[in-house]
Amino acid sequence: MLWLLLLSACAVAGTSCARLCRAAVHAAVAGAPAPHGHRLTVYEAAYLSGGPVRVAEVTMVSMARQRRLLLAHTGWVTVVDPHGRDALERAVLRAIGSEGQSRIAPVRAATAGGAPVQALADRLVAAGLAVPEETRRTVRSALRQVRGALLVVLGLGGVALFTTPPDAGGSSSAVAWFALPLVLTVSCLLIARVEGRPYTGWASGPGRRLLCALSARPDGDERTYLTAVAVAGVAAVGDPGLVTAFAHRDRTVHREHGHRTRPGDRGGRGDRDDPERGPARRGR
């Protein structure tokens, strides 16, 4: 019984650790060389720092800074200028819809999942600055498998400890033998914490080096303000109203999913001038 449990623990630990090592090696080999002298745009810095959602937030903050969107602290966005100046801005306007007002949360989600953000991600991956989605997903899955294997090894070791007769000295033997797969999984996780981190984030090694050269402090001019949002999020600029606006979660049920707006939600046309939603749009 002891040997059967031990072999099972070793098989689970060895398989999971081998998969993680193979995923990390494949990710390292598949990385494309980064271009020399490349200067990140604000959108690129946003993707490498926080992914698609950060790109959507930077786009909306940029439009709000130019008074083309109004971001209310209650979590609503209102269109002032319906003409987008690039593909990402047009994606934001499409997500807001023809009424010119919407909750920030669904607009952010729709923009983050749109084609312009995907095109930006593809360009960064091709330039060697971003980690491909498939690589990131594979490495994360392998890490989860190793963590699960650690729990399995602990469980099997506990079963062996309590089922082995103590009079034959089997308990201490079980502990000693199960230490081998336990040390294997723990050491693999510790190494992955350092070596695997470049393959679980958005930015590759060259991308992170370019990010380190950017300032995350809003020094007053427009580019450094947006760069701070791109690198560190909306909290970096110290605007409580902006932080509160983006902190709201979407609590409405959209009609395009076949549901009515719930009582108490502010989703109809009759409350467009409600101060709880922010300023209403006066014209296109």
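This text goes with the structure placed above it.
K.L.:
For this particular structure, what's the right way to read the sheet that holds strand β1 (residues 69–71)?
P.N.:
Two pairing modes exist for strands in a sheet, parallel and antiparallel, and in both the strands are linked by backbone hydrogen bonds. On the basis of which strands lie adjacent, the open sheet formed by 3 strands has the order β1-β2-β3 and antiparallel pairing. For this open sheet the edge positions go to β1 and β3 (101–103), each flanked by a neighbour on one side alone. Along the sheet, successive strands turn relative to each other by an average axial angle of 20°, direction set aside. Strand direction decides the pairing type here: β1 and strand β2 (residues 76–79), joined by 3 bridges, are antiparallel.

K.L.:
Help me understand the side chain of E44, please; the structure alone is not making it clear to me.
P.N.:
Structurally, the position occupied by E44 is in helix α2 (residues 42–65). Within the buried set, E44 has no salt-bridge partner at all; the shortest N-O distance to an opposite charge, 5.4 Å, is to R123. Leave out the neighbours within four places in its chain, and E44 touches H38, R39, L120 and L124.

K.L.:
I'm lost on the side chain of T185 in this one. Help?
P.N.:
Here T185 lies in helix α7 (residues 170–195). Ignoring any residue separated from it by four or fewer positions in sequence, one finds T185 in contact with A13, C17, V146, A149 and L150.

K.L.:
Teacher, can you tell me more about the packing of α2 against helix α4 (residues 104–112) here?
P.N.:
The relative placement of two packed helices comes down to the angle between their axes together with the axis-to-axis distance. Their axes nearest at 8 Å, the elements α2 and α4 cross at an angle of 120°. By the angle class used here, α2 and α4 are oblique. Between α2 and α4 lies a crossing whose hand is right-handed. Residue-level contacts link P52, V53, A56, E57 and M60 of α2 to I104, V107, R108, T111 and A112 of α4. Residue composition of the contact of α2 with α4, by class: 7 nonpolar, 1 polar and 2 charged.

About the cut-offs
Residues numbered from 1 in each chain as written. Predicted model: local features only at pLDDT ≥ 70, side-chain atom pairs only at ≥ 80, totals over all residues. Heavy atoms only, no water. Pairing = 2+ DSSP bridges. Helix = DSSP H or I, 4+ residues; strand = E, 2+ residues; numbered from the N terminus. Axes fitted to C-alpha atoms, helices over the stretch in contact; angles between N-to-C directions. Buried < 20%, exposed > 50% of the residue type's maximum accessible area, 1.4 Å probe, protein only. Lys, Arg positive; Asp, Glu negative; His and termini not counted. Salt bridge = Lys/Arg side-chain N within 4 Å of Asp/Glu carboxyl O. Contact = heavy atoms within 4.5 Å. Parallel < 35°, antiparallel > 145°, perpendicular 65-115°, else oblique. Left-handed = near helix turned anticlockwise from the far one by under 90°. Nonpolar A, V, L, I, M, F, W, Y, C, P; charged D, E, K, R; others polar.

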